[in-house]
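Each chain, written out:
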Amino acid sequence: MSATQVESPPGLLSRLGDRLNPLVVKEVRQGLRSRVFWASFGLMLLACLIISMVAYANVRDSGLTTHGQSFFFAFFFCLGVVHFFIIPYSAYRSLAREREDETWVLLILTGLGPRRILRGKVASFLVQAGLYASAVGPFLLFSYYLNGIDLPTILFILALGASWLVFLTLVAVCAATLADGRMGRAFVHLVLLGVLGLALLYGLIAAFILGEQGHRFVTREEKFLVFAGGFLWAMLTYGWLLFETAAARLSLPTENYSRGPRLTLAVQTLLSGALVLGLWLDKDPSTSAVVGVSILGCLHLTLTGIFVATDVDGQARALRAGTRLWSLLRPGAVRGFRLVVLLLLFWTGLCSGLLALDDTSTSYSTRYTLQIFAAPAYALLYLALPLLVGRLPRSDRLSSPAVVRVLFFALAGLAGALPPLLAVLFDQPAEDALFNLLNPFIGLSNFGEYDYTTEMPRMSLELLACVWLVAGLACFAADRALVERERRAHAS
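Attention here is on the structure that accompanies the text. (Residues numbered from 1 in each chain as written. Predicted model: local features only at pLDDT ≥ 70, side-chain atom pairs only at ≥ 80, totals over all residues. Heavy atoms only, no water.)

Attention shifts here to the overall build of the chain. A count of helical and extended segments in the chain gives 17 helices and two strands. Out of the 492 residues belonging to the chain, those deemed buried represent 44%. Carbon together with sulfur atoms contributes 68% to the accessible area of the chain, which is approximately 25,900 Å² in total. (Helix = DSSP H or I, 4+ residues; strand = E, 2+ residues; numbered from the N terminus. Buried < 20%, exposed > 50% of the residue type's maximum accessible area, 1.4 Å probe, protein only. Areas by Shrake-Rupley, 256 points an atom, 1.4 Å probe, with all protein chains shown as cover.)

Printed below as a string of structure tokens:
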């Protein structure tokens, strides 16, 4: 049988080579040739070697010792500096350099697409992180034989450290896409250096505490397990959201760039609600716990929603008479605003369901109920106000996404500072209920206060209805302003 009749199937390595992102190979080869890699790698190995020699001398002179915890943290410190600072910062500089040198367009012309390019960037630096970890791994295992720390604790700390590394790398990659001008990039650069410095500090402190406590503390403390699970869930979902945001910012205006981050935000909210409901059914319900769920959820949706609802007008198709549900994922400020409003209403419905499951409510806990429903009202109000104020003028400069986001923080800050000042000027307490009715900070706190003299909540249901009325009118006006502006953008 001739070779032309039967063609042998491709091997496993060739198939994997075809599916492998070519950018991973390029970035890994480029990274391994850089001076930063070899300098960091050499200094890290030298520091670990010196620490191991000190440990050997300590064991030889003292006999049986239990200094494994201390030497493990010393080895982990060397790895943490690389994993929690150098690797994320290198990922940031790699992508920022592509944009500064205007070579990003050449990468787009390869046909890989923004998501695949970003996956290649992130994967390449994770491969480099794996090389660092493989070099320090024997030293970390050596600390186990010095006694004082067990193997499950070492594996648990390394697993959390790997998750922290992936999250910080995604944060750095997303930061590289935030600014286009020179001043903006310089500001983002300084902020990222501070964030990575704090992240390194927090990671090392967490590793030290876990190393001192041991795995028995981790498995015995149920609250710590819940906290660790929630922290891992936040890193996973927020990392996904940051990745989709970075891919959307690097996409072309003609693409449906908003689908990824908006779908991620919706899935994150729905799955978080299901997770909270499952934990609620498994544990003893408490009305005070719902307050934290409501406030944290509304704060998250407000801070992320102000970026979703400030999309550039005129990028999507013209509005239709009947807007389908899935069209909320298409570009456009009005669609983003409506999506965030729906998610806030969903979160309010979830908190209402948690309240219905609590059969221990009393007149004393009614204040918590008012506070739970006040949180989404303030979120809707201060999400709509900057959109309304920024979109009403005819100037495109005043209605740009950056200006509207600045307006959001400015209005929230003024609403939190001016009402107490006015109350003091009128000889009233700084936390007066009427003066601070629309204050997102003191007003929300007032709804959780209890008047022991009258044995009733400090704020009434009528005042809560007033806040919801103002928030509803602001949302309606903001929606109409966004619709009108998008129609004018499409007509021009």
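Moving on, there is more to tell.
Together, Leu198, Leu201, Tyr202, Ile205, Phe208 and Ile209 line one region of the surface with nonpolar side chains, adding up to about 570 Å² of accessible area. Within the secondary structure, Ile205 is located in helix α8 (residues 182-213). (Patch = residues over 30% accessible without salt bridge, like charges linked within 9 Å, V, L, I, M, F, W, Y side chains within 5 Å. Salt bridge = Lys/Arg side-chain N within 4 Å of Asp/Glu carboxyl O.)

A separate point is the environment of Pro152. Relative to the elements of secondary structure, Pro152 occurs in helix α7 (residues 151-175). When the C-alpha atoms of Pro152 and Gly214 are compared, they prove to be 8.3 Å apart, with 62 residues separating the residues in sequence.

Turning our attention to unusual backbone geometry. With a phi close to 70°, Asn147 is a non-glycine residue in the positive phi region. According to the relative accessible area criterion, Asn147 is partly exposed, its value standing at 32%. Of note in the backbone geometry, Asp427 takes a positive phi value of approximately 60° without being a glycine. Inspection of the secondary structure puts Asp427 in the loop between α15 (401-425) and α16 (442-446).

Taking 1.5 Å per residue as the helical rise, α15 with its 25 residues ought to reach 36 Å, and the 36 Å between its terminal C-alpha atoms agrees with that figure. Within α15, burial applies to Pro401, Val404, Phe408, Ala412, Ala415, Gly416, Pro419, Pro420 and Ala423. Buried residues in α15 make contact with α12 (287-308), α14 (366-391) and α16. Following α15 by one or two positions, Asp427 adopts a phi angle in the positive range, close to 60°. (Expected span 1.5 Å × (residues − 1). Contact = heavy atoms within 4.5 Å.)

Formed by 65 residues in total, the largest nonpolar core has its most connected members in Met44, Tyr92, Leu118 and Tyr132. Contributing elements (two or more residues each) for this core: α3 (35-62), α4 (68-100), α5 (104-109), α6 (114-144), α7, α8 and α10 (222-249). The element best represented in this core is α4, accounting for 14 residues. Ignoring any residue separated from it by four or fewer positions in sequence, one finds Tyr92 in contact with Ala172, Ala175, Ala176, Arg185, Val188, His189 and Leu192. (Core = buried A, V, L, I, M, F, W, Y, C linked by side-chain atoms within 4.5 Å.)

All chains considered together, the criterion is met by 16 aromatic pairs. Both rings, one in Phe72 and one in Phe76, keep their centres 6.0 Å apart while their planes meet at 25°; by these two values the pair is stacked. Residue Phe72 and its partner Phe76 are both found in helix α4; the two are separated by four residues, about one turn of the helix. Taken as a pair, Phe72 and Phe76 share a single burial class, namely buried. Both rings, one in Tyr144 and one in Tyr145, keep their centres 5.2 Å apart while their planes meet at 70°; by these two values the pair is edge-to-face. (Phe/Tyr/Trp six-rings, centres within 6.5 Å; stacked < 30°, edge-to-face > 60°.)

With that settled, the discussion passes to the environment of Ala374. By secondary structure assignment, the location of Ala374 is in helix α14. Spatially, the C-alpha atoms of Ala374 and Leu444 are 6.4 Å apart, while their sequence positions differ by 70 residues. Those residues in contact with Ala374 that sit more than four places away from it in its chain are Leu444, Phe447 and Leu464.

Mapping Asn439 onto the fold places it in the loop between α15 and α16. Side-chain polar atoms of Asn439 contact the backbone oxygen of Gly416, separated by 3.3 Å. Here the side chain of Asn439 touches Ile442 through a polar contact of 3.4 Å, landing on its backbone nitrogen. Among residues more than four places away in sequence, those in contact with Asn439 are Tyr378, Tyr382, Ala415, Gly416, Pro419, Pro420 and Leu444. (Polar contact = N/O pair within 3.5 Å; in protein donor to acceptor, adjacent residues only side chain to side chain.)

Attention now moves to the side chain of Ser143. If you trace the backbone, Ser143 turns up in helix α6. From its side chain, Ser143 meets the backbone oxygen of Leu140 in a polar contact 2.4 Å long.

If you walk through the whole model with that rule in mind, you get seven salt bridges. A salt bridge links Glu98 to Lys121, with the nearest nitrogen and oxygen atoms 3.1 Å apart. Residue Glu98 is found in helix α4, and its partner Lys121 is found in helix α6; the two are separated by 23 residues along the sequence. Each member of the pair, Glu98 as well as Lys121, is classed as buried. A salt bridge links Glu244 to Arg115; the shortest N-O distance between them is 2.9 Å. Separated by 129 residues along the polypeptide, Glu244 in helix α10 and Arg115 in helix α6 bring together distant segments of the chain. Given a relative accessible area of 31%, Arg115 falls into the partly exposed group. In the salt-bridge network here, residues are joined through shared partners; they are Glu27, Glu98 and Lys121.

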